Amino acid sequence: MTDKIPARQRLLNAAAELFYRDGVGATGIDAITAHAGVAKMSLYNNFASKADLVHAYIEGRRREWHELLAERLKMALTPKERVLAVFDSYTDHAAFAYEWGFRGCGLLNAAAELPIGDLGRASVAAQKDEVEELFKKHLHKMRPADTATDETAEHLSFLLEGAMSRAGLDGHDGRLKTARKIAVSMLDQLESQSK
């Protein structure tokens, strides 16, 4: 069955599991090719280097999250629901990693191992900025005249990312669910102030 999966995808699948479970630095090329069931040459036929594979892994994680977010946003009818959809998309994304031993945000974990200036770190930073911009966008729709919405968006971003970090230490999504409850409380307060 795995023979029908192209070597590139098998390598990406193996890298996704091993990079998340064991870490980028601790995972060597030999482990990836063995886990993928391909020859080492297949890796170099598909990726210029391990760094190229790491970047492909990070971009794959971002795409997964975007897909989950898009599904959540389809069901969100109000700006408040759209803010909460971002929180829910993180919980959904966390669920992808349970079979590998949940360790928190795979993007942040990878970025922590990469040197300053690495393309992968920039990609992770862009995703975190995107989350904050989403919060700003939806908060501005909730309270168009409120000048503090940017600050609130930053607080929500810190709340979400902090919860994800703690969830990684705990090994489950309980902190993400608590963070969502805190976000609901913050949003309820904003709504009541605008009435």
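Residues numbered from 1 in each chain as written. Predicted model: local features only at pLDDT ≥ 70, side-chain atom pairs only at ≥ 80, totals over all residues. Heavy atoms only, no water.

Trainee: I'd like a rundown of the pattern of salt bridges, residues and numbers included.
Mentor: Under the criterion given, the structure shown has 17 salt bridges. In this structure, the salt-bridge partner of Glu-59 is Arg-62, at a minimum N-O distance of 4.0 Å. Pair noted here: Glu-59 and Arg-62 are both in helix α4 (residues 50-75), with a separation of 3 residues, about one helical turn. Using a relative accessible area of 14% as the deciding quantity, one classes Arg-62 as buried. A salt bridge links Lys-128 to Glu-161; the nearest nitrogen and oxygen atoms lie 3.2 Å apart. Linking Lys-128 in helix α7 (residues 119-142) with Glu-161 in helix α8 (residues 149-170), this pair joins segments that are 33 residues apart in sequence. Each of the two residues, Lys-128 as well as Glu-161, counts as buried. (Salt bridge = Lys/Arg side-chain N within 4 Å of Asp/Glu carboxyl O. Helix = DSSP H or I, 4+ residues; strand = E, 2+ residues; numbered from the N terminus. Buried < 20%, exposed > 50% of the residue type's maximum accessible area, 1.4 Å probe, protein only.)

Trainee: Got a sec to walk through the domain arrangement of the protein chain? Specific residues and values, please.
Mentor: Along its sequence, the protein chain is carved into domain 1 (1-47) and domain 2 (50-193). Measuring from the centre of the C-alpha atoms in domain 1 to the corresponding centre in domain 2 gives 27 Å. Contact with domain 1, which involves 18 residues of that partner, is made by 18 residues of domain 2. Buried surface at the junction of domain 1 and domain 2, both sides included, amounts to about 1,500 Å², of which 70% is carbon and sulfur. At the junction of domain 1 with domain 2, the criterion picks out 6 residue pairs in polar contact (both at pLDDT 80 or more). Counting residues per element, the side of domain 1 that touches domain 2 draws most heavily on helix α1 (residues 7-22), at 8 residues. (Domains from an automatic or database assignment. Contact = heavy atoms within 4.5 Å. Buried area = accessible area lost by both parts, 1.4 Å probe. Polar contact = N/O pair within 3.5 Å; in protein donor to acceptor, adjacent residues only side chain to side chain.)

Trainee: Could you give me a rundown of empty space enclosed by the protein, with the residues and numbers involved?
Mentor: The full count for this structure, using the stated rule, is 2 cavities of 30 Å³ or more. In this structure, the largest cavity spans a volume of roughly 80 Å³. Arg-61, Trp-65, Tyr-90, His-93, Ala-94, Gly-104, Cys-105, Gly-106, Leu-107, Gln-127, Lys-128 and Met-164 together form the lining of the largest cavity. If you list the elements that add at least two residues to the lining of the largest cavity, you get α4, α5 (79-95), α6 (106-113) and α7. If one sorts the elements of the lining of the largest cavity by residue count, α5 sits on top with 3 residues. Among the residues forming the lining of the largest cavity, the class breakdown is 6 nonpolar, 4 polar and 2 charged. Taken as a whole, the second largest cavity holds about 30 Å³ of empty space. Taken together, Phe-19, Tyr-20, Gly-23, Val-24, Tyr-57, Gly-106, Asn-109, Ala-110 and Glu-113 form the lining of the second largest cavity. (1 Å grid on protein atoms, 1.4 Å probe; cavity = no way out; pocket = protein on both sides within 12 Å on 5 of 7 lines; lining within 4 Å. Points joined across faces, edges and corners; volume = space filled by probe spheres on them. Nonpolar A, V, L, I, M, F, W, Y, C, P; charged D, E, K, R; others polar.)

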